[in-house]
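# Summary of the model geometry
Chain by chain, the residues:
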There are 4 protein chains.
Amino acid sequence: METMQHHAQHVQICFDCAAACEHCASACLREDHLQMMRDCIRLCRDCADFCKMCGSLTARDSEFMMKFMVLCADVCDACADECSKHDHEHCRLCAEACRRCADDCRRMTVTA
Amino acid sequence: METMQHHAQHVQICFDCAAACEHCASACLREDHLQMMRDCIRLCRDCADFCKMCGSLTARDSEFMMKFMVLCADVCDACADECSKHDHEHCRLCAEACRRCADDCRRMTVTA
Amino acid sequence: METMQHHAQHVQICFDCAAACEHCASACLREDHLQMMRDCIRLCRDCADFCKMCGSLTARDSEFMMKFMVLCADVCDACADECSKHDHEHCRLCAEACRRCADDCRRMTVTA
Amino acid sequence: METMQHHAQHVQICFDCAAACEHCASACLREDHLQMMRDCIRLCRDCADFCKMCGSLTARDSEFMMKFMVLCADVCDACADECSKHDHEHCRLCAEACRRCADDCRRMTVTA
């Protein structure tokens with residue numbers, strides 16, 4: 001019970017991050033200075049997929065979820081670093097969501 | 001602004017439903033009377049994928065999201081109908097999440 | 001047997017199209033005239049996800065696969081139309097893969 | 001050019017494995033002795049998602065693809081080990097596809 005609660009929180013953080021990344025990638029594609037957003041779009045695309053998969057594996061209680069979280073945390077860090085270089089509201093919100101997800105992936109693997 | 005708020009709520013409902021379906025499919029696979037859970041596992045698997053995609057397309061503000069929601073609502077209904085036949089807590093929670101997602105897909109397509 | 005063969009071919013066409021779209025979106029993001037590639041990146045992203053899901057539902061023999069194919073064919077058409085406006089090799093290959101996938105989605109729904 | 005060819009082959013092996021896993025999970029769910037197929041369904045579900053993501057990251061030429069392949073190879077091994085315990089044609093074909101994908105993930109990471 002404790003454990004499911006614990007997992008449910010991580011699942012939500014992952015999917016929130018995926019949503020922020022999907023939104024940020026689309027919003028970046030509509031920005032005026034598109035050249036500057038190349039890396040942001042690229043990383044948001046990867047990070048969205050990693051976080052959707054991380055949320056899914058956690059909700060499934062998959063035996064591979066812990067190893068996946070180690071990698072997912074690195075992807076979230078890379079996306080947060082890039083997003084935090086830009087002033088757009090969608091980039092700021094995405095960076096925050098990515099930091100939270102990276103932290104929670106690490107919390108999960110430490111307390112496992 | 002109004003619209004993004006509106007969309008953010010739908011995205012969360014979709015991903016909540018995906019999480020409930022992923023969890024229900026895994027939990028069903030561990031149940032004693034596995035024969036009775038065949039359809040539930042099968043439908044949860046499809047519904048999880050539909051809801052993850054519905055959440056993603058909505059977060060992206062994709063031009064295909066409305067047509068996708070029409071189909072997603074039907075998948076959610078089918079999964080809710082099957083889950084509501086079973087007494088397991090995970091099935092009950094999944095049926096609720098599926099009903100909510102089906103309703104919200106329809107609300108989105110009507111107010112579009 | 002006949003049917004599985006039939007399905008296996010569609011699954012491969014879907015995943016080939018997904019691969020072409022994933023590659024095209026990434027390659028477009030590296031092009032010099034990025035402003036011209038906005039729609040191509042956006043549509044390739046959606047089309048990649050639709051085709052992965054179409055291949056998955058078909059391989060599963062999901063009850064929702066036929067309805068999904070109707071929608072997937074439209075997404076493939078939209079992506080093919082956009083890709084065919086550009087001279088890049090990755091766009092040309094992607095347009096071809098999308099046309100093939102749209103046609104095969106329609107063949108599947110007609111012969112169902 | 002050499003490199004893209006190299007990558008294209010890996011992408012196809014990943015998606016072939018994903019297709020075999022999706023099909024095997026569905027076919028297992030319809031088998032008479034369902035109790036014996038629990039682990040096979042569970043692992044095929046994870047392996048299908050890992051291989052779709054591995055194929056996508058490779059087609060994108062993502063900076064995270066090599067680290068992902070290391071993990072994907074382990075998931076493919078686990079699925080192949082389980083599938084090879086069963087006599088069903090779909091399990092045999094799935095085990096073969098998983099072995100091929102595990103080997104090719106390792107080939108990619110070694111030659112990187």
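Overview of the structure. Worth saying up front: this structure is predicted, and the values here are computed from it rather than measured. (Residues numbered from 1 in each chain as written. Chains lettered and ligands numbered in written order. Predicted model: local features only at pLDDT ≥ 70, side-chain atom pairs only at ≥ 80, totals over all residues. Heavy atoms only, no water.)

### Here we look at the relation of the copies chain A and chain D
It takes a turn of 180° to lay chain A on chain D, together with a shift of 0.0 Å along the axis; the resulting RMSD is 0.0 Å. Overall, the copies show the geometry of a two-fold rotation axis. A share of 100% of interface residues in chain A that are also interface residues in chain D marks the association as one of identical surfaces. (Least-squares fit on C-alpha atoms with pLDDT ≥ 70 in both. Contact = heavy atoms within 4.5 Å.)

### Here we look at the relation of the copies chain D and chain C
Here chain D sits on chain C after a turn of 180° about the axis and a move of 0.0 Å along it, with an RMSD of 0.0 Å. When the interface residues of chain D are mapped onto chain C, 100% of them are again interface residues, pointing to one common binding face.

### Let's talk about the interface of chain D and chain C
Chain D puts 13 residues into the contact, and the matching count from chain C is 13 residues. When the area that chain D buries against chain C is broken down by residue, the three leading residues are Phe15, Glu22 and Arg60 of chain D, summing to 35%. If you look at where chain D meets chain C, you find 2 salt bridges. Of the charged contacts in the structure, one is a salt bridge between arginine 60 of chain D and glutamate 22 of chain C, with a shortest N-O distance of 2.7 Å. On inspection of chain D and its partner chain C, the count reaches 8 residue pairs in polar contact (both at pLDDT 80 or more). Going through the elements one at a time, helix H1 (2-29) and helix H2 (38-60) of chain D are the ones with two or more residues in the side of chain D that touches chain C. Examining the composition of the side of chain D that touches chain C, we find that 8 residues originate from one element, H1 of chain D, more than from any other. Each residue belonging to the side of chain D that touches chain C can be placed in one class, and the counts come to 5 nonpolar, 4 polar and 4 charged. (Buried area = accessible area lost by both parts, 1.4 Å probe. Salt bridge = Lys/Arg side-chain N within 4 Å of Asp/Glu carboxyl O. Polar contact = N/O pair within 3.5 Å; in protein donor to acceptor, adjacent residues only side chain to side chain. Helix = DSSP H or I, 4+ residues; strand = E, 2+ residues; numbered from the N terminus. Nonpolar A, V, L, I, M, F, W, Y, C, P; charged D, E, K, R; others polar.)

### A closer look at the interface of chain A and chain D
The interface of chain A with chain D comprises 18 residues on the first partner and 18 residues on the second. For the pair chain A and chain D, the summed buried surface comes to about 1700 Å²; carbon and sulfur atoms form 62% of the total. Looking only at chain A, the three residues that lose the most surface to chain D are Met53, Arg60 and Phe64 of chain A, adding up to 35% of its buried area. Summed over the shared surface of chain A and chain D, the result is 6 salt bridges. At the junction of chain A with chain D, the criterion picks out 8 residue pairs in polar contact (both at pLDDT 80 or more). Contributing elements (two or more residues each) for the side of chain A that touches chain D: helix H2 (38-60) and helix H3 (65-83) of chain A. Here the side of chain A that touches chain D takes 9 residues from H2 of chain A, the largest share from any one element.

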